[in-house]
Amino acid sequence: DAQESRGLGDVYKRQSLKLPEKPMSKVARYLQVEDILLAVNVTNKQRLFEQVGQHLQETRQLPADWVAASLWRRELAASTAIGEGVAVPHARLAELDRIHALYLRPQTAMAFAAPDQQPVSDILVLLVPAPADQQHLDLLADTARLFTNPRFRQALLRCTAPMQVKQLFDHW
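Residues numbered from 1 in each chain as written. Predicted model: local features only at pLDDT ≥ 70, side-chain atom pairs only at ≥ 80, totals over all residues. Heavy atoms only, no water.

Attention shifts here to helix H4 (residues 134–147). Its 14 residues give H4 an end-to-end C-alpha distance of 20 Å, which sits within 8% of 20 Å, the value for a rise of 1.5 Å per residue. For H4, every residue scored as buried is listed here: His 136, Leu 139, Asp 142, Thr 143, Leu 146 and Phe 147. Along the axis of H4, the buried residues cluster in a sector spanning 125°; they form a single face. The backbone nitrogen of Gln 135 lies 3.1 Å from a side-chain oxygen of the residue at the head of H4, namely Asp 133. (Helix = DSSP H or I, 4+ residues; strand = E, 2+ residues; numbered from the N terminus. Expected span 1.5 Å × (residues − 1). Buried < 20%, exposed > 50% of the residue type's maximum accessible area, 1.4 Å probe, protein only. Arc of directions from axis to C-beta. Polar contact = N/O pair within 3.5 Å; in protein donor to acceptor, adjacent residues only side chain to side chain.)

What follows is the structure, given as structure tokens:
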């Protein structure tokens, strides 16, 4: 861990970005290293949601089809792409007892009906218990704060391993 931590610090030094001293990200509370998937081989939203469902079935025993259908239902209401290559697919599920967050980076940026028409390469999936509460709203606000920061997105792009991504979320 110390070696990986130094590795991320080195990324910041080389890029003249400073690692903040204390954790600030609410997202970091819910994002686990095993839920950070890099170079994911998906080309469309439906396949992405299926992959998220499969991952959560394998790691959290949540039914894959249930997860994928919930994300797809929300996406059909309106695109969850927010621009600048970022999408935040999310769904409220009465059956959940806690928040689940996943970060995915597709091998190739994918179309997501973004407001700026840019393809998406950073995807943060949020599954939260229903009904929505202040914690859910705070989490969405924190996600927007992180991903609208160009320095955060640049640092995220330089992360090549799940532990680096986790540390970035932990310390930004």
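The next subject is the pattern of salt bridges. In total, this model carries seven salt bridges according to the counting rule given. The shortest N-O distance in the salt bridge between Arg 60 and Glu 34 comes to 3.2 Å. Here Arg 60, found in helix H2 (residues 45–60), pairs with Glu 34, found in strand S1 (residues 31–40); they are 26 residues apart in sequence, far enough to count as distant. Residue classification places Arg 60 among the buried residues on the basis of a relative accessible area of 18%. Classification of Glu 34 as partly exposed rests on a relative accessible area of 42%. (Salt bridge = Lys/Arg side-chain N within 4 Å of Asp/Glu carboxyl O.)

Here the focus is the packing of helix H5 (residues 150–158) against helix H6 (residues 162–171). Running from N to C, H5 and H6 cross one another at 160°; their axes reach a closest spacing of 9 Å. Taken together, H5 and H6 sit at an angle that is classed as roughly antiparallel. Crossing of H5 against H6: the hand is right-handed. Here H5 contributes Phe 152, Ala 155, Leu 156 and Arg 158 to the contact with H6, which in turn contributes Gln 164, Val 165, Leu 168 and Phe 169. Per-class residue counts for the contact of H5 with H6 are six nonpolar, one polar and one charged. (Axes fitted to C-alpha atoms, helices over the stretch in contact; angles between N-to-C directions. Parallel < 35°, antiparallel > 145°, perpendicular 65-115°, else oblique. Left-handed = near helix turned anticlockwise from the far one by under 90°. Contact = heavy atoms within 4.5 Å. Nonpolar A, V, L, I, M, F, W, Y, C, P; charged D, E, K, R; others polar.)

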